[in-house]
Amino acid sequence: QHHTTVQQQQQQQPSVGLEYLKGHKDQVTCLSFNHNCSLLASGSEDGTVRVWDVSRKIAIKCLSSSSPSRDHPHPINSVSFHPDGYQIFCAQGHKVKVYDIRKPEVMMTDASHIYDYNEEEVNQVSISPDGKFMAAGDDTGETKIVDLSRTALSSTLSKRHSNVCAAVVFRQDTSQEVITGGMDCQIIQWSIFRGRHIFIENLAKAPTTAQTMNPPMVHCLACPPLPPPPSSSSSLPRRAAIYRNEVAG
């Protein structure tokens, strides 16, 4: 059975424990913690998103909208919590669906909003640190920037990736820039308001001893979080989520 593993480490304790969250019926594809790591969202090839209460180790929500076939649902390619902690953005097919988990239903089949701006399959969705913008990178190599306050397309970042845009992430110190990575081995930094690139790194041209038959395609990107304020508690748990053919966290 496919499951999610949650890895939790208290700062005072050197040991690391693994806990498995079981529920998905197929491979787990993506994960996202909320702002304080109390909730974990996991997306799967079974076409559902499970929302887990990490401390109680139980699923509290199952998000599943209609699909072409119940036997062959579209997999969830990416899932991301909004900074407000109660909206979850799910990339499924060429659409991004938003669910409000404050609603009382445990089985949620109706998305509160659906963004349909990408022409092909969305591979990753990212929300800006201030919660005002969404970025969705797709198989065309484009990234759509959506103004969430107006629920409208703000800009399209295009004509730089020559292949699939597999990863997109907002910088944590500004909501004005995103970084994308693609199957063309490029990492690109963009200004979302100007719709232009700021910097391009082509990993295929970087000095390396790796074999040329294994090109450095970019599958995932992460920006380091901002350091906590001095007044924050140092006893808060640190959590990491990992997935293979299962959800591990």
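See the structure printed just above.
Just so we're clear, the structure is a prediction, and the values are computed from it rather than from any experiment.

A. The overall build of the chain, seen in detail. Scanning the chain for helices and strands turns up zero helices and 21 strands. A burial count over the chain gives 45% of its 249 residues as buried. In the chain, the share of contacts with a sequence separation of at least 24, taken over all contacts with a separation of at least 6, comes to 46%.

B. Representation of the environment of T143 in the model. Looking at where T143 falls in the secondary structure, it is placed in strand β14 (residues 143-147). Of the residues examined, T143 reaches a relative accessible area of 1% and is grouped as buried. C-alpha separation for the pair T143 and G195, spaced 52 residues apart in sequence, amounts to 10.0 Å.

C. Broad picture of the sheet that holds strand β5 (residues 49-53). The sheet built from five strands is open, its strands ordered β3-β4-β5-β6-β10 with mixed pairing. Unpaired on one side and paired on the other, β3 (28-33) and β10 (107-108) mark the two borders of the sheet. Of the strand pairs in this sheet, β5 and strand β6 (residues 58-63) are connected by five bridges, and their pairing is antiparallel. In the sheet register, R50 faces β6, and the bridge partner there is C62.

D. Here's a closer look at the pairing of strand β7 (residues 76-81). Counted residue by residue, β7 has five buried out of six residues, so it is predominantly covered. Alignment of β7 against strand β8 (residues 87-92), held across five bridges, turns out to be antiparallel. Paired with V79 across the strands is C90, a residue of β8.

E. Spotlight on unusual backbone geometry. One non-glycine residue, T151, adopts positive backbone phi at about 45°. Here T151 lies in the loop between β14 and β15 (152-157). With phi around 70°, C185 is a residue other than glycine that occupies positive phi space. By the secondary structure assignment, C185 is in the loop between β17 (177-182) and β18 (186-191).

F. Expanded view of the nonpolar core. In terms of nonpolar packing, the biggest core is built from 14 residues, with V49, L63, V79, F81, I88, C90 and I101 touching the most fellow members. Among the secondary structure elements, those contributing two or more residues to this core are β4 (39-44), β5, β7 and β8. By residue number, the principal contributor to this core is β7, which donates three residues. Listed in part, the twelve residues of the second largest apolar core include V96, V98, V122 and V146.

G. Structural detail: the packing of aromatic side chains. For the structure on display, the rule yields two aromatic pairs. Between F133 and F193, the ring centres sit 5.5 Å apart and the planes meet at 75°, which makes this aromatic pair edge-to-face. With F133 in strand β13 (residues 133-138) and F193 in the loop between β18 and β19 (196-202), this pair connects stretches of sequence that are 60 residues apart. Sitting above the plane of the Y86 ring, R102 keeps its charged end 3.4 Å from the centroid.

H. Summary view of the pattern of salt bridges. Per the counting criterion, the structure on display carries seven salt bridges. A salt bridge links R102 to D100; its shortest N-O distance comes to 2.8 Å. D100 sits in the buried class, given a relative accessible area of 13%. One salt bridge in this structure joins K144 and E142, with 3.4 Å as the shortest N-O distance. Residue class for K144 comes out buried when judged on its relative accessible area of 8%. One connected set of salt bridges, linked through shared partners, spans R171, D173 and E177.

Conventions used here
- Residues numbered from 1 in each chain as written.
- Predicted model: local features only at pLDDT ≥ 70, side-chain atom pairs only at ≥ 80, totals over all residues.
- Heavy atoms only, no water.
- Helix = DSSP H or I, 4+ residues; strand = E, 2+ residues; numbered from the N terminus.
- Buried < 20%, exposed > 50% of the residue type's maximum accessible area, 1.4 Å probe, protein only.
- Contact = heavy atoms within 4.5 Å.
- Pairing = 2+ DSSP bridges.
- Core = buried A, V, L, I, M, F, W, Y, C linked by side-chain atoms within 4.5 Å.
- Phe/Tyr/Trp six-rings, centres within 6.5 Å; stacked < 30°, edge-to-face > 60°.
- Lys NZ or Arg CZ within 6 Å of the ring centre and 35° of its normal.
- Salt bridge = Lys/Arg side-chain N within 4 Å of Asp/Glu carboxyl O.

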